[in-house]
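# Commentary on secondary and tertiary structure
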Amino acid sequence: MARMLKKALTGIFNETEIQLLYGGFDVVGNIAVIKIPDSLMTKKRIIATTLLDKIKPVTTVLMQSTPVSGDFRTRHLELIGGEDKTTTEYREHGCIFKVDLATAYFSPRLSTERQRIAELVQPGETVVNLFAGVGAFSIIIAKKVPETRIYSVDINPEANQQAIENIRVNKVNKNVIPILGDARNVVSQIEEKAERVLMPLPEKAVEYLDTAIKLLKTPYGVVHYYTHTYASRRENVFEDPTKEIKKNILKNRYSIVSKRIVREVGPRWYQVVLDLKIST
Ligand SMILES: C[S@@+](CC[C@H](N)C(=O)[O-])C[C@H]1O[C@@H](n2cnc3c(N)ncnc32)[C@H](O)[C@@H]1O
């Protein structure tokens, strides 16, 4: 994507300006979301026009003007070209998601990870998704493995509402149970124990490890633990997350059954996932 934009702007921007463009942009349905450095702010309309011209489905270009922040993990988006809207329909792994990018978190960059998790789930499992957003992990699992029950928790009322609509549209009402609330407080609403708990909130997952473990079936279950980490060398990327886990799983035995880099989130910053098998 980054290469595509840089190529499209060659001849319009000089070499220095091209180098200044950040890593890339996301396309969600027919909306492109891009971060633009301050030094190129006067050129934001040209960037928008180029994206509208060159990227086939795009009819709206939004500039992300703040980092993702707050409990709801949302960001400020400014229209810089095309149709004025923040809601779109996005397709992934045979599912349709209606998302409002201004009111709920959504990233197409988690697509591979969503598929990986769905492939690990076995028929008959109970799964809890503690930080479900608009329901993408939960719905993709339910579509792929219909004999599962997935509790899909989120604290953001807008995200929860979009998840409810996405559950309906994808016809997985029998399998996916949306729950609005703080992950820590909703545990009591989940009446059964789970084989698997997903924790896709890298900024804070560590604070909810005890909650995740309480949800697991005896004698053991799996937790997919996401975190952000800095590593000056890529080969050392799992060192700190491994220490973090060791420090925070105090009473339970555990093993790390697999680990992978989900994506790079900045220079030498990574989002990683550790799959933990935990004895309860
Ligand atoms: C990174 S997003 C999840 C992305 C989602 N899994 C996906 O595939 O699109 C993290 C989500 O956690 C939610 N969240 C943050 N704190 C929470 C909490 N204490 N309890 C439940 N949900 C929370 C946010 O509202 C946000 O939707």
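Whatever comes next refers back to the structure up there.
Described below are features of the structure shown in this document. (Residues numbered from 1 in each chain as written. Predicted model: local features only at pLDDT ≥ 70, side-chain atom pairs only at ≥ 80, totals over all residues. Heavy atoms only, no water.)

Before going further, it helps to spend a moment on the pattern of salt bridges. Scanning all chains against the criterion turns up 17 salt bridges. Among the ionic pairs, Arg-168 bridges to Glu-165, the shortest N-O distance being 2.8 Å. Of this pair, Arg-168 and Glu-165 both sit in helix 6 (residues 157-169), 3 residues apart, which is roughly one turn of the helix. Residue Arg-168 is classed as partly exposed on the basis of its relative accessible area of 48%. Residue classification places Glu-165 among the partly exposed residues on the basis of a relative accessible area of 29%. Each of Glu-113, Arg-116, Arg-260 and Asp-275 takes part in one network of salt bridges that share partners. (Salt bridge = Lys/Arg side-chain N within 4 Å of Asp/Glu carboxyl O. Helix = DSSP H or I, 4+ residues; strand = E, 2+ residues; numbered from the N terminus. Buried < 20%, exposed > 50% of the residue type's maximum accessible area, 1.4 Å probe, protein only.)

Before going further, it helps to spend a moment on the layout of surface pockets. Taken as a whole, the second largest pocket holds about 160 Å³ of empty space. Lining the second largest pocket, in full, are Leu-209, Asp-210, Ile-213, Lys-214, Asn-248, Ile-249, Leu-250, Lys-251 and Asn-252. Ranked by residue count, the leading element in the lining of the second largest pocket is helix 8 (residues 209-214), at 4 residues. For the lining of the second largest pocket, a count of residues per class yields 4 nonpolar, 2 polar and 3 charged. (1 Å grid on protein atoms, 1.4 Å probe; cavity = no way out; pocket = protein on both sides within 12 Å on 5 of 7 lines; lining within 4 Å. Points joined across faces, edges and corners; volume = space filled by probe spheres on them. Nonpolar A, V, L, I, M, F, W, Y, C, P; charged D, E, K, R; others polar.)

Here the focus is helix 6. Spanning 13 residues, helix 6 covers 18 Å between terminal C-alpha atoms, matching the ideal 18 Å at 1.5 Å per step. Ala-159, Asn-160, Gln-162, Ala-163, Asn-166 and Ile-167 are the residues of helix 6 that are buried. Projection of helix 6 onto a plane perpendicular to its axis shows the buried side chains occupying an angular sector of 160 degrees, all on one side. A positive phi of about 55 degrees marks Lys-171, the residue just after helix 6. (Expected span 1.5 Å × (residues − 1). Arc of directions from axis to C-beta.)

Strand order across the open sheet formed by 4 strands is 1-2-3-4, with mixed pairing between neighbours. On the outer flanks of this sheet lie strand 1 (25-28) and strand 4 (77-82), each paired with one strand and no other. Sheet twist, expressed as the mean angle between neighbouring strand axes with direction ignored, is 25 degrees. In the sheet, strand 3 (residues 60-64) pairs with strand 4 via 5 bridges, with the strands oriented antiparallel. Its bridge partner lying in strand 4, Met-63 is registered against Glu-78. (Pairing = 2+ DSSP bridges. Axes fitted to C-alpha atoms, helices over the stretch in contact; angles between N-to-C directions.)

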